[in-house]
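# Fold and contact review
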Amino acid sequence: MSELRWVDWADHESDRVRAAGQWRAPRDFDALGPVGTIDGRPVVSFASNDYLGLTAHPAVIAAAHAALDRWGTGAGSARLIVGSRPVHTELEHALADWKGTEAAALFPTGFAANLGVLTSFGGPDVLICSDALNHASIIDGARFSRAEVTVFHHADADHVDRLLAEAPGRRAIVVTDTVFSMDGDVAPVDALVEVCARHGALLVLDEAHAVLGPDPDVAGATGAEVLRIGTLSKTLGALGGYVAGPRRFVDLVVNRARSYIFTTAPPPATTAAALAALGVVRSPEGDALRGHLRRLVDRVAPGHPSPIVPVVIGDEAATVTAAARLLDEGLLVPAIRPPTVAPGTSRLRVALSAAHTDEQVDQLVAALAEVRTP
Ligand SMILES: Cc1ncc(COP(=O)(O)O)c(C=O)c1O
């Protein structure tokens, strides 16, 4: 019976991951913002999604402290039971106002928001068209929904058009990241809005990384039905996710999404942090931070549309070596390998933040030039 022992199975599976060179474990980065230490060595991180540096903003930290003092550490219950605090509702109103929608609903994470929205609207009678490079939470949400899932060619609105034309009379959802997390390129949002409006499909946009755009005006006279999903954990420097859209859609999500209903409300302090961060994002200071970030991106890759800049090396081992050489110089840039990206496209993934200085980015650019020279 020993072949049935779970420990043997776990060892076998772990060995397979190791043999594929894909074994990973967290390493602690002792830091506030991009500068800190790993194992006592000074490091500048280019690996975080804290795009505007708001995790360390004094007003954001102060708002979290105040919420902690007022409401304590945890919400203690789901939103629909007794876990809802005024700050949750206030943030939902602020998010809806920011996104130009009637309503918004908070989730504990962006991952949970994608699961909740796709399972609320998807079902066996629905066709979900999903971009080939969508985030894992979209892939899982589409699977959980039990809808028929068709993967469309990356960022190809014409392909979506053809797929929808082949399914007349069918309720359909088109779902896409607006900025893709491994390539930092952007979806053709305006074209997708137009295609979805023409076919009566619901367009679900995941704007997790859209700190520098695109920022579509979906409330305009497009006729398209659009839900905007986002996370509080990147640009807003906190933790949580949301969906913003027409009131009747958001209310349905609140009453249907299991990842909203059967989970504890986000801690009030992180919600208050996100609310304060949103205030910064929408202020002149937010414009200045985005302007600085835009300039930093241009230093690394002129004209690139997002702060995620892939430096494709190709070979897995060479990419790992390059990341190790950068770390030796005190620059943390992760190596991204299969299965996260396609074989032969292993890369260094540079994530820039407004919290970086010009000097730090100049050092990075020089070091990247060195590791790319064979
Ligand atoms: C495109 C995209 N959507 C959703 C998520 C999940 O968001 P969260 O980290 O808030 O769960 C991420 C990354 O984490 C992401 O890159």
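### Examining the overall build of the protein chain
Looking only at helices and strands, the protein chain has 14 helices and 14 strands in total. Radius of gyration (C-alpha) of the protein chain: 21 Å, near the 21 Å computed for a compact globule of 374 residues. Expressed along its principal axes, the backbone C-alpha trace of the protein chain runs to roughly 55 × 55 × 50 Å. Counting only residues that meet the buried cut, the protein chain has 47% of its 374 residues in that class. Put simply, of all contacts in the protein chain between residues at least 6 apart along the chain, 70% involve residues at least 24 apart.

### Section: the site of the ligand
Taken together, the neighbourhood of the ligand is formed by 14 residues, with T109, G110, F111, A208 and T231 sitting nearest. Here the element with the most residues in the shell around the ligand is helix α5 (residues 110-121); it accounts for three residues. Grouping the constituent residues of the shell around the ligand by class yields two nonpolar, 10 polar and two charged.

### Details of the sheet that holds strand β3 (residues 41-45)
Spatially, four strands are ordered β1-β2-β3-β12 in an open sheet, and the strand pairing comes out mixed. The strands lining the two open edges of the sheet, one partner per strand, are β1 (30-31) and β12 (331-332). The pairing of β1 with strand β2 (residues 35-38) spans two bridges and is antiparallel. Each residue of the ladder has a partner; that of D30, found in β2, is T37.

### Concerning the nonpolar core
Counting residues in each nonpolar core, the largest one holds 109 residues, and the members touching the most others are L203 and V243. For this core, the element with the highest residue contribution is helix α11 (residues 268-281), accounting for nine residues. Mapped onto the domain boundaries, this core takes at least three residues apiece from domain 1 (25-51 + 307-372) and domain 2 (57-281). Other than its neighbours up to four places away in sequence, L203 contacts V174, L192, V193, C196, A224, E225 and V226.

### Focus: the domain arrangement of the protein chain
For the protein chain, the domain assignment lists domain 1 (25-51 + 307-372) and domain 2 (57-281). Computed from C-alpha atoms alone, the centre-to-centre distance between domain 1 and domain 2 is 28 Å. In this complex, domain 1 contributes 11 residues to the contact, which on the side of domain 2 involves 12 residues. A total of three residues in the side of domain 1 that touches domain 2 trace back to one element, the largest contributor, which is strand β11 (residues 308-314). The residue makeup of the side of domain 1 that touches domain 2, split by class, is seven nonpolar, two polar and two charged.

### Re the sheet that holds strand β7 (residues 172-177)
Reading across the sheet, the seven strands line up as β4-β10-β9-β8-β7-β5-β6 and stay open at both edges, with mixed pairing between neighbours. The open sheet terminates on both sides in strands that have one partner only, identified here as β4 (103-107) and β6 (148-152). On average, each strand axis in the sheet is tilted by 20 degrees relative to the strand beside it, whichever way the strands run. Two elements, strand β5 (residues 127-131) and β6, share five bridges in a ladder whose sense is parallel. Looking at the pairing, L127 lines up with E148 of β6. On the sheet, helix α7 (residues 157-165) packs against β5, β6 and β7 and is oriented at approximately 150 degrees with respect to β6.

### Side note on the environment of G237
Residue position: G237 is located in the loop between β9 (225-231) and β10 (241-245). The exposure class assigned to G237 is buried, which follows from the 28 C-beta atoms found within 10 Å. For the pair G237 and S45, spaced 192 residues apart in sequence, the C-alpha separation works out to 15 Å. Apart from the residues lying within four places of it in its own chain, the contact partners of G237 are D50, L54, T55, H57, V60, A273 and A277.

### What about unusual backbone geometry?
Where the residue is not glycine, phi is negative for most of them; where a peptide bond is considered, it is trans in most cases. Cis geometry marks the peptide bond from G213 to P214, where omega comes out at 0 degrees. Here P214 lies in the loop between β8 (202-206) and β9. The amide bond that connects P338 to the next residue, P339, takes the cis arrangement and shows omega of 10 degrees. Phi is positive for D39, close to 50 degrees, though the residue is something other than glycine. Mapped onto the elements, D39 comes out in the loop between β2 and β3. Its identity as a non-glycine residue notwithstanding, A155 has a phi of 55 degrees, on the positive side. Looking at where A155 falls in the secondary structure, it is placed in the loop between β6 and α7. The exposure class assigned to A155 is buried, which follows from the 21 C-beta atoms found within 10 Å.

Reading guide: rules and limits
- Residues numbered from 1 in each chain as written.
- Predicted model: local features only at pLDDT ≥ 70, side-chain atom pairs only at ≥ 80, totals over all residues.
- Helix = DSSP H or I, 4+ residues; strand = E, 2+ residues; numbered from the N terminus.
- Rg over C-alpha atoms; globule rule 2.2 N^0.38 Å.
- Buried ≥ 20, exposed ≤ 12 C-beta atoms within 10 Å, placed from the backbone.
- Contact = placed C-beta atoms within 7 Å.
- Near = placed C-beta within 6 Å.
- Nonpolar A, V, L, I, M, F, W, Y, C, P; charged D, E, K, R; others polar.
- Pairing = 2+ DSSP bridges.
- Core = buried A, V, L, I, M, F, W, Y, C linked by C-beta atoms within 7 Å.
- Domains from an automatic or database assignment.
- Axes fitted to C-alpha atoms, helices over the stretch in contact; angles between N-to-C directions.

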